[in-house]
Amino acid sequence: MKIGEKYAARNASNDDNMVPLINVVFLMLVFFMVAGQIQKADPIAVVPPQSVNETRATTDPNIEIVLGADNSLYVDDALFVVDDIQAYLEKSFDSSSDPEAFWVQIKADGAISLEKLRPIFNQVRLAGLTKVSLATQLERGNE
């Protein structure tokens, strides 16, 4: 019987050594879930123009307009044509719970000219919205 008792004691002690490892792995999992920042992906790949302005918006936009280098236009992840933007913006603004905080972000590829952006800005203006932001990326100095 002493042999069986030694074997049982040895198995119990091996399991006890795994508990701290499981605790550490679990805590790391919880840490990365809480500390990680998850952002939704744009419907198309966009490289915003560079800017020296470091100011960033503190809240998410109510509506996001994405214009790709291939002139594809997405409003809130749905494919749009320029002429339909005004009606969508007006409807979204009217159904907004806080009209004072309502704002639109335009994320355009840096390769797009201002002439291609002008119709989008006109649609936003015709919808009566004044809080509009153009997404940019911070210009990095050559070091």
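Per an unreviewed UniProt entry, the chain carries the name Outer membrane transport energization protein ExbD and comes from Marinomonas foliarum.

**Student:** Would you explain the packing of aromatic side chains in this entry?
**Tutor:** The description of an aromatic ring pair uses the distance of the two centres, along with the angle that the planes make with each other. Summed over all chains, the structure comprises 3 aromatic pairs. For the ring pair Phe80 and Tyr88, a centre distance of 5.2 Å and an interplane angle of 65 degrees mean the geometry is edge-to-face. Look at Phe93 and Phe102: their rings are 5.3 Å apart centre to centre, the planes differ by 80 degrees, and that puts the pair in the edge-to-face class. On the basis of relative accessible area, Phe102 is assigned to the buried category, the value being 6%.

**Student:** How do you make sense of a nonpolar patch on the surface when you look at a structure like this?
**Tutor:** Residues Phe26, Leu27, Leu29, Val30, Met33 and Val34 make up a contiguous nonpolar surface patch of about 630 Å² in total accessible area. For Phe26, the location among the structural elements is in helix 1 (residues 2-35).

Reading the values: rules and limits
Residues numbered from 1 in each chain as written. Predicted model: local features only at pLDDT ≥ 70, side-chain atom pairs only at ≥ 80, totals over all residues. Heavy atoms only, no water. Phe/Tyr/Trp six-rings, centres within 6.5 Å; stacked < 30°, edge-to-face > 60°. Buried < 20%, exposed > 50% of the residue type's maximum accessible area, 1.4 Å probe, protein only. Patch = residues over 30% accessible without salt bridge, like charges linked within 9 Å, V, L, I, M, F, W, Y side chains within 5 Å. Areas by Shrake-Rupley, 256 points an atom, 1.4 Å probe, with all protein chains shown as cover. Salt bridge = Lys/Arg side-chain N within 4 Å of Asp/Glu carboxyl O. Helix = DSSP H or I, 4+ residues; strand = E, 2+ residues; numbered from the N terminus.

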